[in-house]
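For reference, the chains in residue letters:
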Amino acid sequence: MAPKEPDYVEIAHQRAKEKKTHVSFPQLKYPSLRDEGLKDPVLWLTGKAMDDGAEGLWRVHGKLYDLESFIDRHPGGREWLELSKGLDVTEAFEAHHLNPSTEKMLSKFYIRDAKTPRNSPFTFQDDGFYRTLKKRVWEELKTIPKMENRRSDMVTDGLLATCLAASTIASWAENYWIATAACFVASVCLAWILVAAHNYIHRGPNFRMYYFNSALWSYRDFRVSHVLSHHLYTNTLMDLEVSGFEPIIFWNPRKERPFYADYAIVIEQFVFPFMFILNFLKRTSLIFLRPGFFTHHIRWHDGIGLLLPIWIYLTSGASFYHAVVTWLWINCTASFIFFTIASNAAHHHPMIFKDGDEVSDITPDWGMHELEAVMDRRDINDSHFKVMTFFGHHALHHLFPTLDHAVLEHLYPVFLEYCEKYKANFKETSSLDLFIGQIKATLKTRPTLLTEKKSRY
């Protein structure tokens with residue numbers, strides 16, 4: 001029986017202090033290695049493998065599978081299976097495979113049942129919200145024009161071309177105002193390229209996913225921190241995009257935290273401009289700090305981020321020093337813009353679920369949880385360009401991450417029908433409200449009780 005609500009707040013604060021379990025899901029152990037080291041994606045994979053009971057194989061629900069012989073034949077590319085070996089991939093399997101025939105194929109690789117319960121609070125019942133919606137979406141996809149994703153491709157490629165042209169002008173122009181304007185245009189486009197490239201990272205191998213590396217970041221790392229962590233365990237303790245900011249910025253409601261936590265909005269202004277460079281330096285340092293990191297996790301595409309300064313140098317006719325300074329200006333400004341967009345995209349608002357908030361005794365359907373942890377913006381979803389550059393259609397993207405954003409807009413009639421049928425908490429607001437809500441979320445120390453939650457925002 002759940003504790004009475006006045007008692008829950010104190011119980012939640014005690015759980016947060018002890019760090020033995022999740023706060024909202026006390027049946028789950030506190031994630032291994034969550035607060036250790038540099039909080040990088042590889043460490044997250046290592047910690048999750050310690051908790052998942054997959055025994056070095058791939059776990060889906062309560063069964064273990066050996067997919068080693070299937071890696072090179074995996075339609076989504078071998079990298080997904082390489083990264084997820086030794087993990088419970090139930091949520092990833094469900095969200096990334098809409099075709100019902102996939103389960104039949106998976107059964108061919110069955111080894112044995114798992115020995116331990118799943119260390120996840122989420123379920124995928126055949127008659128539940130997510131699986132029922134997924135079946136309907138699979139049928140709906142057959143009616144959507146096949147070439148819809150070309151709209152997204154044109155936006156993404158156009159941003160890259162504009163960024164390259166503007167960065168050249170920024171270094172070539174002698175007029176201060178022209179150079180400054182060109183730097184700003186290049187910076188905005190570079191930030192938008194990463195947001196748009198995120199549309200392609202969830203899929204199998206494709207050349208546009210490499211665009212994400214153009215700002216010294218790694219799409220391979222992002223596949224862990226964003227796709228396998230944030231998307232599947234949104235705003236829980238297993239979300240690396242929450243824990244990765246600690247102990248600088250705290251998103252979860254906690255009573256005991258550093259004094260500077262209340263100044264997160266100020267700290268962001270000083271940290272966000274250097275996130276791309278800091279991430280690159282962190283990844284580089286791991287080559288020397290962690291045995292085997294270079295062999296297992298560094299790939300040729302990690303050098304793509306260094307091509308932009310070379311491009312600027314070769315095309316502008318400027319000195320190498322001037323080209324590098326221009327590039328640094330563009331990179332730092334783009335970093336600030338990208339992380340500002342990301343932090344205000346969909347997940348930080350007092351009305352959005354965070355670990356610590358009270359949840360029902362009923363084990364949550366995964367799709368229902370995703371909607372509790374997401375808030376869409378009406379003023380972003382009304383334009384495909386804004387959708388591609390500001391993380392639009394966010395709720396549907398979380399539910400069906402492998403689908404192109406141009407396809408997602410066609411799914412709203414079915415999606416809203418099933419939200420109404422299952423009383424799923426799909427929330428919409430404005431960008432301004434979400435921006436203000438993000439600030440309020442960093443100040444929040446008290447978890448939200450069930451009685452305080454609204455069925456509609």
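Residues numbered from 1 in each chain as written. Predicted model: local features only at pLDDT ≥ 70, side-chain atom pairs only at ≥ 80, totals over all residues. Heavy atoms only, no water.

**Observations regarding the overall build of the protein**
1) Next: Helix and strand counts for the protein stand at 22 helices and five strands.
2) Next: Relative to the 2.2 N^0.38 estimate, which gives 23 Å for 457 residues, the radius of gyration of the protein is 22 Å and therefore close to what a compact globule would have.
3) Next: A burial count over the protein gives 57% of its 457 residues as buried.
4) Next: Taking the average location of the 51 positive side-chain charges in the protein and that of its 53 negative ones, the two points are 2 Å from each other. (Helix = DSSP H or I, 4+ residues; strand = E, 2+ residues; numbered from the N terminus. Rg over C-alpha atoms; globule rule 2.2 N^0.38 Å. Buried < 20%, exposed > 50% of the residue type's maximum accessible area, 1.4 Å probe, protein only. Lys, Arg positive; Asp, Glu negative; His and termini not counted. Charge placed at Lys NZ, Arg CZ, Asp CG, Glu CD.)

**Brief notes about the sheet that holds strand β1 (residues 58-60)**
1) Next: Here we have three strands laid out as an open sheet, ordered β1-β2-β3, and antiparallel in their pairing. Pairing within the sheet leaves two strands with one partner each, and these edge strands are β1 and β3 (110-113). If you compare each strand with its neighbour and ignore which way they point, the axes differ by 35° on average. (Pairing = 2+ DSSP bridges. Axes fitted to C-alpha atoms, helices over the stretch in contact; angles between N-to-C directions.)

**Regarding the domain arrangement of the protein**
1) Next: Assigned domains of the protein: these are domain 1 (32-126) and domain 2 (148-218 + 259-344).
2) Next: In this structure, domain 1 and domain 2 have C-alpha centres spaced 31 Å apart.
3) Next: Contacts between domain 1 and domain 2 engage eleven residues on the former and 13 residues on the latter.
4) Next: Summing the contributions of domain 1 and of domain 2, the shared interface buries around 850 Å²; its carbon and sulfur component is 58%.
5) Next: For the pair domain 1 and domain 2, the number of links is one salt bridge.
6) Next: As a salt-bridge pair, Asp 40 and Arg 290 come within 2.7 Å of each other at their nearest N and O atoms.
7) Next: Taken together, domain 1 and domain 2 are joined by three residue pairs in polar contact (both at pLDDT 80 or more).
8) Next: Contributing elements (two or more residues each) for the side of domain 1 that touches domain 2: α2 (41-52) and α3 (78-84).
9) Next: Among the elements that take part in the side of domain 1 that touches domain 2, α3 stands out by supplying three residues, more than any other.
10) Next: Counted by class, the side of domain 1 that touches domain 2 contains four nonpolar, three polar and four charged residues. (Domains from an automatic or database assignment. Contact = heavy atoms within 4.5 Å. Buried area = accessible area lost by both parts, 1.4 Å probe. Salt bridge = Lys/Arg side-chain N within 4 Å of Asp/Glu carboxyl O. Polar contact = N/O pair within 3.5 Å; in protein donor to acceptor, adjacent residues only side chain to side chain. Nonpolar A, V, L, I, M, F, W, Y, C, P; charged D, E, K, R; others polar.)

**Quick look at the nonpolar core**
1) Next: With 107 residues, the main nonpolar core has Leu 133, Phe 338, Leu 371, Phe 400 and Phe 415 as its most contacted residues.
2) Next: Per element, the largest residue contribution to this core is 15 residues, and it comes from helix α8 (residues 176-201).
3) Next: Both domains that furnish three or more residues to this core are identified here as domain 1 (32-126) and domain 2 (148-218 + 259-344).
4) Next: When sequence neighbours within four positions are dropped, the list of residues in contact with Leu 133 reads Leu 399, Phe 400, Val 414, Phe 415 and Tyr 418.
5) Next: Counting six residues, the second largest nonpolar core, distinct from the first, contains Tyr 8, Ala 16, Val 23 and Leu 449. (Core = buried A, V, L, I, M, F, W, Y, C linked by side-chain atoms within 4.5 Å.)

**Description of a nonpolar patch on the surface**
1) Next: A cluster of nonpolar residues, Leu 307, Ile 310, Tyr 313, Leu 314 and Phe 320, forms a patch on the protein surface that exposes about 530 Å² of accessible area.
2) Next: If you tally residues by element for the nonpolar patch, the top one is helix α14 (residues 307-316), at four residues.
3) Next: Relative to the helices and strands, Tyr 313 is located in helix α14. (Patch = residues over 30% accessible without salt bridge, like charges linked within 9 Å, V, L, I, M, F, W, Y side chains within 5 Å. Areas by Shrake-Rupley, 256 points an atom, 1.4 Å probe, with all protein chains shown as cover.)

**Thoughts on helix α22 (residues 431-443)**
1) Next: Under the 1.5 Å per step criterion, the end-to-end length of α22 is 19 Å for 13 residues, consistent within 8% with the ideal 18 Å.
2) Next: Listed in full, the buried residues belonging to α22 are Leu 434, Gly 437, Gln 438, Ala 441 and Thr 442. All buried residues of α22 lie within an arc of 135° about the axis, which places them on one face of the element.
3) Next: Buried-residue contacts for α22 involve α11 (264-271), α15 (320-343), β4 (376-377) and β5 (428-429). (Expected span 1.5 Å × (residues − 1). Arc of directions from axis to C-beta.)

**Considering the packing of helix α12 (residues 275-289) against α15**
1) Next: Closest axis-to-axis distance for the α12/α15 pair is 7 Å, and the angle between their directions is 100°. When the axes of α12 and α15 are compared, the pair comes out roughly perpendicular. Of the residues in α15, those touching α12 at Met 275, Phe 276 and Ile 277 are Leu 328, Asn 331, Cys 332, Ala 334, Ser 335, Phe 338 and Phe 339.
2) Next: When the residues that make up the contact of α12 with α15 are grouped by side-chain class, the tally is eight nonpolar, two polar and no charged. (Parallel < 35°, antiparallel > 145°, perpendicular 65-115°, else oblique.)

**A word on unusual backbone geometry**
1) Next: Of the consecutive residues Glu 246 and Pro 247, the connecting peptide bond is found in the cis state with omega at 5°.
2) Next: Residue placement: Pro 247 occurs in the loop between α10 (240-243) and α11.
3) Next: Although it is not a glycine, Glu 55 sits at a positive phi angle of roughly 55°.
4) Next: As for its placement among the helices and strands, Glu 55 is situated in the loop between α2 and β1.

**Section: the UniProt feature "transmembrane region" (unreviewed entry) in the protein**
1) Next: As recorded in UniProt, the feature "transmembrane region" (unreviewed entry) lies at residues 176-201, 260-281, 302-321 and 327-346.
2) Next: As annotated, residues 176-201 comprises 100% helix and 0% strand, and the C-alpha atoms at either end are separated by 37 Å.
3) Next: From the first C-alpha to the last, residues 302-321 spans 23 Å; its make-up is 60% helix and 0% strand. (UniProt positions renumbered as here; feature names shortened; annotations may be inferred.)

**Digging into the UniProt feature "domain: Cytochrome b5 heme-binding" (unreviewed entry) in the protein**
1) Next: The residues that UniProt annotates with the feature "domain: Cytochrome b5 heme-binding" (unreviewed entry) are residues 60-115.
2) Next: When the span residues 60-115 is considered, its composition is 36% helix and 14% strand, and the gap between its end C-alpha atoms is 13 Å.

**What about the environment of Thr 46?**
1) Next: By secondary structure assignment, the location of Thr 46 is in helix α2.
2) Next: Separated by 252 residues in sequence, Thr 46 and Ile 298 place their C-alpha atoms 17 Å apart.
3) Next: Here the side chain of Thr 46 touches Val 42 through a polar contact of 3.0 Å, landing on its backbone oxygen.

**Considerations on α11**
1) Next: Within α11 the residues assigned to the buried category are Ala 264, Ile 267, Glu 268 and Val 271. Down the axis of α11, the smallest arc covering the buried residues is 110°, so these residues share one side.
2) Next: If you follow the buried residues of α11, they end up packed against α12 and α22.

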